[in-house]
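Results of the structural survey
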Amino acid sequence: MRLAELIEAVPWAYADISIGRVVSDSRAAGPGTLFVARKGTAANGHAFIADAVRAGCAAVVGGDEPPPSAAALLRQRRVPYVRVDDPAQAVGQLAARVNGCPSAALSVVGVTGTNGKTTVSTLLYQLFTALGQGSGLIATTGIRVGGKRLPNDRTTPDAVELQRLLAMMVHAGCRYCFMEVTSHAIDQQRIAGVHFDGGIFTTLGHDHLDYHGTIEAYARVKQRFLGGLPTSAFALANADDERGRFMVATSRARVAFYGSGAQARWPWSLERCNERGTDLLIGPHRVRTPLLGEHNASNLAAAVTAASLLGQDLERVARAIPRLRGPRGRMQRVVAGPVLGIVDYAHTPESLNRMLTSARGLRPGGKLIVVGGCGGDRDRQKRPAMGAAIASADVPIFTSDNPRSEDAEAIVHAMLGGVPRPWKPRVRVALDRRDAIQHAASLAEPGDIVLLVGKGHESSQEIAGTKHPWDDAAELRDALHQAPVSRVASRDTRAPASASRGRSCR
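Anyway, here's the lowdown on the structure attached to this text. (Residues numbered from 1 in each chain as written. Predicted model: local features only at pLDDT ≥ 70, side-chain atom pairs only at ≥ 80, totals over all residues. Heavy atoms only, no water.)

1. Comments concerning the overall build of the protein chain
When helices and strands are tallied, the protein chain shows 18 helices and 23 strands. Relative to the compact-globule value of 23 Å for 506 residues, the protein chain shows a C-alpha radius of gyration of 25 Å, a close match. The dimensions of the protein chain, computed from C-alpha atoms along their principal axes, are 90 × 50 × 40 Å. By the burial criterion, 58% of the 506 residues in the protein chain qualify as buried. Considering only contacts within the protein chain whose residues lie at least 6 apart along the sequence, 67% involve residues at least 24 apart. When the accessible surface of the protein chain is split by element, carbon and sulfur atoms take 48% of a total near 20700 Å². Charged side chains in the protein chain number 62 positive and 47 negative. The centres of these two groups are separated by 4 Å. (Helix = DSSP H or I, 4+ residues; strand = E, 2+ residues; numbered from the N terminus. Rg over C-alpha atoms; globule rule 2.2 N^0.38 Å. Buried < 20%, exposed > 50% of the residue type's maximum accessible area, 1.4 Å probe, protein only. Contact = heavy atoms within 4.5 Å. Areas by Shrake-Rupley, 256 points an atom, 1.4 Å probe, with all protein chains shown as cover. Lys, Arg positive; Asp, Glu negative; His and termini not counted. Charge placed at Lys NZ, Arg CZ, Asp CG, Glu CD.)

2. Overview of helix H15 (residues 408-416)
Here H15 has its buried residues at Ala408, Ile411, Val412 and Met415. Take H15 and look down its axis: the buried residues cluster within an arc of 95°, on one side only. Away from its buried face by more than 90 degrees, H15 exposes Glu409 and His413. On the buried face of H15, the contacting elements are strand S18 (368-372), helix H14 (383-391), strand S19 (395-398) and strand S20 (428-429). (Arc of directions from axis to C-beta.)

3. Some thoughts on helix H17 (residues 472-482)
Every buried residue of H17 is listed here: Asp472, Ala473, Glu475, Leu476, Ala479 and Leu480. Seen along its axis, H17 keeps its buried residues to an arc of 165°; they face one direction. Exposed residues on H17 whose side chains face more than 90 degrees from its buried face are His481 and Gln482. Structurally, H17 contributes buried residues whose contacts are with strand S16 (332-336), strand S17 (340-344), helix H16 (433-443) and strand S21 (449-453). You can read the cap of H17 off the contacts: a side-chain oxygen lies 3.0 Å from the backbone nitrogen of Ala473, and it is on Asp471. (Polar contact = N/O pair within 3.5 Å; in protein donor to acceptor, adjacent residues only side chain to side chain.)

4. Let's talk about unusual backbone geometry
Even without glycine at this site, Cys101 takes up a positive phi of about 50°. Position of Cys101 among the secondary structure elements: in the loop between helix H4 (87-98) and strand S5 (107-112). For Arg404, which is not glycine, the phi torsion reads 55° and is therefore positive. Position of Arg404 relative to the elements: it lies in the loop between S19 and H15.

5. A few points about the sheet that holds strand S6 (residues 135-139)
The mixed open sheet is built from 8 strands, whose spatial order is S8-S7-S6-S9-S5-S10-S11-S12. The strands lining the two open edges of the sheet, one partner per strand, are strand S8 (148-150) and strand S12 (254-258). Each adjacent strand pair in this sheet contributes to an overall mean axis angle of 15°, direction not counted. Lying on the sheet, helix H9 (residues 215-227) is in contact with S5, strand S10 (198-201) and strand S11 (234-238); it crosses S10 at an angle near 155°. (Pairing = 2+ DSSP bridges. Axes fitted to C-alpha atoms, helices over the stretch in contact; angles between N-to-C directions.)

6. Concerning the pairing of S16
Taken together, the 4 bridges between S16 and S17 define a ladder with antiparallel strand orientation. Residue Ala336 lies in a different strand from S17, and its bridge partner there is Leu340. Between S16 and S17, which follow one another and run antiparallel, lie 3 residues.

7. Concerning the packing of aromatic side chains
For the coordinates displayed, the defined rule picks out 4 aromatic pairs. Between Tyr176 and Phe178, the ring centres sit 6.0 Å apart and the planes meet at 5°, which makes this aromatic pair stacked. Of the two residues, Tyr176 and Phe178, neither departs from the other in class, the shared state being buried. Of the aromatic side chains, those joined through ring pairs into one cluster are Phe128, Tyr176 and Phe178. (Phe/Tyr/Trp six-rings, centres within 6.5 Å; stacked < 30°, edge-to-face > 60°.)

8. A short note on the packing of helix H13 (residues 349-360) against H14
Orientation of H13 relative to H14, taken along the N-to-C sense of each, is 5°, at an axis distance of 9 Å. For the element pair H13 / H14, the angle class is roughly parallel. Every residue of H14 that contacts H13 at Pro349, Leu352, Asn353 and Leu356 is listed here: Ala385, Met386, Ala389 and Ile390. Across the contact of H13 with H14, the residue classes break down as 7 nonpolar, 1 polar and no charged. (Parallel < 35°, antiparallel > 145°, perpendicular 65-115°, else oblique. Nonpolar A, V, L, I, M, F, W, Y, C, P; charged D, E, K, R; others polar.)

9. Considering the sheet that holds strand S13 (residues 268-274)
The strands making up a sheet associate through backbone hydrogen bonding, with each pair oriented either parallel or antiparallel. Taken in spatial order, the 3 strands make up an open sheet running S13-S14-S15, and their pairing is antiparallel. Each end of this open sheet is capped by a strand with a single partner; those strands are S13 and strand S15 (285-289). Across this sheet, the average inter-strand angle for adjacent strands is 15°, counted without regard to direction. For S13 and strand S14 (residues 277-282), the ladder comprises 6 bridges, and the chain directions are antiparallel.

10. Considering the packing of H14 against H15
Describing two packed helices takes the angle between their axes plus the distance from one axis to the other. Orientation of H14 relative to H15, taken along the N-to-C sense of each, is 70°, at an axis distance of 6 Å. In terms of orientation, H14 and H15 fall into the roughly perpendicular class. Of the residues in H15, those in contact with Arg383, Pro384, Gly387 and Ile390 of H14 are Ile411, Ala414 and Met415. Considered class by class, the residues forming the contact of H14 with H15 number 5 nonpolar, 1 polar and 1 charged.

11. Focus on the pattern of salt bridges
Inspection of every chain in the model, using the stated rule, returns 20 salt bridges. Between Arg27 and Asp25 there is a salt bridge, with the nearest N and O atoms lying 2.9 Å from each other. Taking relative accessible area as the criterion, Asp25 reaches 30% and is therefore assigned partly exposed. With its nearest N and O atoms 2.9 Å apart, the salt bridge here joins Asp472 to Arg433. One end of the pair, Asp472, is in helix H17; the other, Arg433, is in helix H16, with 39 residues separating them in the sequence. As far as burial versus exposure is concerned, Asp472 and Arg433 are alike and both buried. Put simply, Arg272, Asp279 and Arg288 are held in one network by salt bridges that share partners. (Salt bridge = Lys/Arg side-chain N within 4 Å of Asp/Glu carboxyl O.)

Listed below in structure tokens is the structure:
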């Protein structure tokens, strides 16, 4: 593509320079690339202009005057430098153009919120695939381009990678893309250049305050995404969340709600849920899903409502629901024997409390044993509330999550600070996560639930800057299989009768 087709203001002498790729990392620069120097959270791209020029980039875009040494090198090598008002926004728009504006050929739906993003986007991908609609997925648990799986290191990829993925979906024949949109991605303009046909807000809770500062600032960033949707799109918000109306208050898009109340487009109500699945009504349709928990009934309602807003027939959607499965590490049933083992990614106080409520309803007669911790180098303000949530279990075990550069013991100490005094004697601490899981399994009796929270699908544990291979589901499965559950001869090894009949998760 000619540089003048990408940037109208380019001097005529440079108009015919050929650009094959847009990059924002100087290490990816090379012949035929357009390097965009943007200010990031950790570094300023303008400091790497000279590196990009030495690597052979064809042109540079930035927001400030380049450093003197870089300016001299630009002149020496006759590399054009174009100043723009907002390089962070420009990189997404330029990457979109060089990839042929792929989102214009797709129906892209973004899902934002503290909890539920991964499940809602994954359910939509599975649903539209089941309906015969070629679809792509960009989620924390991975990327899908049609049926092809790709890893994902960041929930919402950077602007350059995002546009490349969207182009891959177009070339693969996809018609839809369902993607998670994080608050960091919104604030850092990673989604610039993406045309959205819909946006969904799930929930808002205490998270990422190390980045946003306050819950109000965090909420405003989420609102900015829904408020920026075009009039041709839909903005779907959770009416059961106290900030649902706030999220769509500034939106120009078609506003709709999902939830359990009358204002929802297709209100949902729970009929029964147990460890084998959930029965619920969504609008006029009674459906059965293998998903566990009341919170997943809400997530399913969000996906169904979004599908109807995208023009899908509700009758066909309802028939496809039993085939849908939740994403890995989200209320994932890993062992369904005398002891029920569940793994979940819950890592906010709100999601933990919802998870514990849902889990208790699966086997009401048994103990709930919960193993969890908090990640290091992340929002420290939520640690006391996380500790209080885990401590509400019948048997709470505090352990390490991803301590990263922090001391695991100090993190647990902060969690203990939020535990009410009467509960503290019940809290057990095992800093080694494997030891904690094995201890939980050793305490479990028939009819009990062991719930691992915090890491979910993650395949590594980061300790002191090193990532060690890890799999919560495999660790729990092994621990429960090795535990002498049969030692309690007087206990009935069947699940409680109430659980087998099914009862409300409320």
